[in-house]
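# Notes for the structure review
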Amino acid sequence: MTDAKGDDGRLLRVHVMRYNPQDANSTPHLETFEIREAAGMTLYVALTEIRETLDASVNFDFVCRAGICGSCGMMINGQPGLACRTLTASLPKDITLLPLPVFELISDLSVNTGKWMRGMAERLETWAHGVDKDVDVDKLEERMEPELAQEIYELERCIECGCCVAACGTAHMREDFVGAVGMNKMARFRLDPRDDRSDADLYELVGNDEGVFGCLTLLGCVDVCPKDLPLAGQIAFLRRRMLKEAL
Amino acid sequence: MDVIYTDVLVIGGGLAGLRAGIGARRRGHDVLVLSLVPEKRSHSAAAQGGMQASLGNAFKGEGDDEDVHFRDTVRGSDWGADQEVVRMFVNTAPKAIRELAAWGVPWNRVERGPRDVIINGERVTLEEKDAAHGLIDARDFGGTKKWRTCYVADGTGHSMLYTMSDQALAESIPVHDRVEAISLIHADGVCHGAIVRDLVTGKLRAYVARATCIATGGFGRIYRISTNAVINQGTGAAIALETGVAELGNMEAVQFHPTGIFPAGILVTEGCRGDGGLLLDGNEHRFMPDYEPEKKELASRDVVSRRMEEHIAAGHGASTRFGEHLWLDIRLLGREHIETKLREVKEICQYFLGVDPAEELVPVRPAQHYSMGGIRTDHRGESPQLKGLFSVGEAACWDMHGFNRLGGNSVAETVVAGMLVGEFIADFCDDRNTHTNLSSAVVADALSNAEQRLKDIAAGGGTENAFAVIADMQNIMTGKVGIFRDGEELEAAVAALEDIHRRSLAIGLSSQARGANPELDAAYRAQMMSKLALCVAAGALQRTESRGAHFRRDYPRRNDRDWLSRTLARWPGRDAERPELRYEALDVKRMELPPGWRGYGERNHIEHPDVDERETAVEQLAAGIEDRHERQASLMPYENLLPERYRGPNERLDRGYS
C-alpha cells in the first residue's frame, strides 16, 4: 500500500507547551512526551495517544481531523500548520508544538481562533449585503456565470484556521489587524454580485491600517496557508482598489 | 444560580440548528445558539459532494421534479421513511437551495454547450441547453434516477455553513461556543432548556427557554472506524434519552459510507463515483457491475457497502498490513476535473495517503458515516413525549431517511428541516398556551443533579479509565454491530455493552485540572455514549429482518409483514441498565408509494398483507387525473402539514410551476 511512507517505530519526543491560564499555579513550560511512531501517524493520532495514555490533562483542538474544519492550527517546529494532516514521518523525531500566537490562549495548544474570527466577521460584516429577506424561493434562481461561481469558491475555501494570522508580522504588532483571512473575505464579497456594497463601502472597512494599508507584504500568510489561497494577488488587488478609492 | 433566559435555545451550531434559529429569529423571537466548537467548525462543513434538490436544470436532470425525488428517497429508505415527511422535504429542497443561492453560496452553474462527462467508464459528450446557462448545476449520486445533487466543487457543506453562519451573524444571533449541554431541564412532560457546561472554565449554567431545539448531529463516534468528526459523540441525543421521557427512533439504522480512505476512515465524497469513478478489487477488476448490473457503483450506499464487504470476504480485496481494502479509481476523470471539482478529495489523498488520485488508485473501505436514527419527532420537529423539545438534522429522527439515507439528502435535510422546524418553533413560541410558569426549583434541581453527576466522577473514587471505556465500546460496535449483523454476535454485543455501561459509571479521573478538562469531558460522554450504543445494539438484535443499512445474516430478507415499523427506544430510569424498546407501525394504507422492490439490491422481501389493496387503491385514485399535483394530493395530501409560507409549487426551466 502507498500510504505512510514513514519509517515505523521511531521513538518520538514530542515537546508540548503546557499552560493553563485558569489555574493560578500554572506557569508556561514545555513538557516532553515520548511515544512510539506508527505507520501513517499524524499529529492528531500522536496527541490523542499522549492524552489517552500519558497525560489526560493535555488540551488541544481537533474536530474533523481531515484538514477541512480549521480547528487544529498550531506551531509545528516553528511553523504554523494544521496538526491533523501533518504526518509525523515528515518531521524529525523531536517535535515541538506551541499554540498559535496572536490568539487568546485557552489552555496548552488550544487557542480561541473562533472568537477572533467572529470579531473580524462582525467588523467586516462578512455577509452579502442588500439581500432581499423575502426573496421568492419558489422562482427560478438568479443566474450566475459558471466561471464567476468558481472564482468566488476559490476564495471561499478559506477555513479560518488562523495560520495566516500567526505568520503575519502586522498581526503581531496591531491588535485589530484583519489579517490575510479578513482581506481575502473582502475580496470574495467584492466579487460577489449578490453583495451590493461598493468599493467606497469596502474602503470604510479595510481602507486603513487595520486593513490593506497595514499589510507589510511580508507574505508569511502565503507561505503557510494550508489551502494555498491566492492571498498575495488578492491583497495586492484589494489594496490597489482601495488606493483608488482614497484618491 | 447562574441562569440565562431566552425564547429559543438551539443546541448545536451546524447547518440545521443555525437555519432553525434564523427562522425563529425572523419571526421575532430571541434565539441563542450553543455550540461545542466555533460554529463554522461544525461537522456540516465536512459534507463534500452536494445537496439534492430537483431543480432539473442540467441535461441529465431534465424531467426531474418532486415526484421523482420522492420516489428515490422512499426507495432509498427501504420504505422505512415517513412518506408525508419525505413529501414535505422534497417540496422544500428547491426553495432551500434557492434561498442559499440568494444568500451567497457559490453553487456550480450550468455552462451552455458541449460537456464531457464519464458515464459507466466511458467518456460521453452531453449538450447543455442555452436556456439553462448560469442556473444551478447538478451531478450524479447514488440511488437517484436523475442528476440532482447540486454542488460547490467538493466543498458544498463548507460553503453552505459559512454562508449560514454569516447570516446568523447578520441577524445578531448570539452563539456561545465551547459549551456542552449535559442535561435537559424538564418537568411534567415539558422541556424548559438545558444545563450547560462551559468547556473552558468547567462551570455550569442553566439556560432556560420556551423552546429547546437539539441540532447536535450524529453519534458516529460510538464506532471505532467512522468518517465523522471527533465531536460527533451524540451527546445531544443522549441528553434527550436521559430524560427518560423523550424517545429515540430507529437507532439501529446506521449508515456505512462506501469510500472511507483506508485505514484512517476519512471520507472521500460519493461525488467521486457520481462523476464517473469506479470501484476496483485487488486484481483491479471492476466488480460492482457483477453484483448490481443496473446501478453499478451508484446503487444506494447500504447496497454498495455490503457488496464491497462481500467481495472482500470472498477473497478479492487488496492486502496490506492494516488489513484488506478495495480501490477507488478516479484517474479516468482527468486531472483538470479532479483539481476543480474534487479538490478536497485530492488534498485528502495527498496529505493522508501520499497518493495523487489523478495518477494513482485510492485505497478505500466502508466506514460508519451517518445516523438515520435520533430523537423521534413529529413532522413539526417536536418530540411527541416532551413538549417544547424540538430536534432537527442528523440528531433527529424526523424521519425522512428510514433505514438508509441517500447521498446528498443529509445537507438538504439540515436546511430544509431548519426552515420548516424554525417556523414551527416560532408558532410554538407565539402560542400563549405554551407559556408556563416554571418553578425555579425545577431549574435548581436540574443544576444540582448535573453538579452531582460531575462530582461523582471527579471524587467518587472510580477506577475505570474514561478513554479505555470508550475505546472498548467502539471496538464492540465496529466488530459486532457493523455492516453485517447476526443474532449471536448482537447478543454478545448487548451483554458487552451492558458491561461497558456499568464500567462507565465507575470512571475515575487521573487529573483534577481546573477549567478545561478533557478527561472529565470523556467521562460523562462515555456514560452517554454507552447508552446510545445499547439502543443501537438492542434495536439491531430485536429487529429480525434486513432493511436498508440494517442487515442481518440470519434474517437476510426485508420483512414488511412483521417489521414495517419504527423502533422507539426510551431509557426507563436513572438506574436502568438497558433501554426499553417499542414499535410504531407504518401504515401501508396511507402510503403514496406502497412497499415494493427498490430497483437495486436483493429482490426477496416478504410482502405486507395490505400492499395489494393499497396498490389497487393508488391506481384507482390516480386514474384520469392529468395534473401531477392533483394526482399526488389524491393519494396522500400533505400540503396542510407545511408552514403556509412554504406551500407553493416550484418553478422549473421550460415547465413553469407545473
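Residues numbered from 1 in each chain as written. Chains lettered and ligands numbered in written order. Predicted model: local features only at pLDDT ≥ 70, side-chain atom pairs only at ≥ 80, totals over all residues. Heavy atoms only, no water.

## Brief notes about the interface of chain B and chain A
To keep things clear, this is the line we draw: Every residue pair with non-hydrogen atoms within 4.5 Å of one another is taken to be in contact. We define a salt bridge as a contact between a side-chain nitrogen of Lys or Arg and a carboxyl oxygen of Asp or Glu at a distance within 4 Å. Pairs of N or O atoms within 3.5 Å make up the polar contacts considered here, provided that, within protein, one atom can donate a hydrogen while the other can accept it, and that residues adjacent in sequence are counted only when both atoms are side-chain atoms. For helices the rule is a DSSP run of H or I covering at least 4 residues; for strands it is a run of E covering at least 2, with both sets numbered from the N terminus onward. In this classification, Asp, Glu, Lys and Arg are treated as charged, Ala, Val, Leu, Ile, Met, Phe, Trp, Tyr, Cys and Pro as nonpolar, and every other residue, Gly included, as polar.
With 95 residues of chain B at the contact, the number on the chain A side is 75 residues. There are 13 salt bridges connecting chain B and chain A. When the shortest N-O distance is used, the salt bridge between Lys227(A) and Glu347(B) registers 2.8 Å. Remark: the boundary between chain B and chain A carries 43 residue pairs in polar contact (both at pLDDT 80 or more). Looking at the side of chain B that touches chain A, the elements that each hand over two or more residues are helix H3 (83-103), helix H4 (156-170), strand S7 (175-177), helix H9 (335-341), helix H10 (343-353) and helix H15 (518-542) of chain B. Classifying every residue of the side of chain B that touches chain A gives 45 nonpolar, 24 polar and 26 charged.

## Some thoughts on the domain arrangement of chain A
All names here are of chain A. Selection rule: Throughout the structure description, domain borders are defined by an automatic or database domain assignment. For any pair of parts, buried area is found by adding up, for both, the accessible area (1.4 Å probe) each one loses once the two are put together.
Under the domain assignment used here, chain A contains domain 1 (6-110) and domain 2 (125-131 + 142-246). The partner domain 2 presents 13 residues to the 14 residues of domain 1 that form the contact. Across the domain 1/domain 2 interface, buried area totals approximately 990 Å², and carbon plus sulfur atoms make up 70% of it. The interface formed by domain 1 and domain 2 holds zero salt bridges in total. For the interface between domain 1 and domain 2, the tally reads two residue pairs in polar contact (both at pLDDT 80 or more).

## What to know about the pairing of strand S3 (residues 73-76) of chain A
Residues and elements named next belong to chain A. Formally: Partly exposed describes any residue whose relative accessible area lies between the buried limit of under 20% and the exposed limit of over 50%, with all areas from a 1.4 Å probe on protein chains only and scaled to the type maximum. The pairing criterion is simple: DSSP has to find at least two bridges between the two strands.
In S3, alternate side chains face the same way, and those of Gly 73 and Met 75 on one face and Met 74 and Ile 76 on the other are all buried. Between S3 and strand S4 (residues 79-82), which pair antiparallel in sequence order, lie two residues; one of them, Asn 77, sits at a positive phi of approximately 45°. As judged from the two bridges shared by S3 and strand S5 (residues 94-98), these two strands associate in the antiparallel manner. What sits directly across from Met 75, in S5, is Leu 98.

## As for the confidence of the model for chain B
Going by this rule: pLDDT gives the predictor's per-residue confidence on a scale running from 0 to 100.
When the pLDDT values of chain B are averaged, the result is 96; 100% of them are 70 or greater. Here the predicted complex scores 0.97 on pTM and 0.96 on ipTM.

## Digging into the sheet that holds strand S19 (residues 396-397) of chain B
Residue and element names in this part refer to chain B. To be explicit about the condition: Here, axes are lines fitted to C-alpha atoms. For helices the fit covers the stretch in contact, and angles between N-to-C directions go from 0 to 180 degrees.
Strand order across the open sheet formed by five strands is S19-S17-S11-S20-S21, with mixed pairing between neighbours. A strand with exactly one partner marks an edge of an open sheet, and here the two such strands are S19 and strand S21 (580-585). Packing of H15 onto the sheet brings it into contact with strand S11 (248-249), strand S20 (565-570) and S21, and relative to S21 it is tilted by some 55°.

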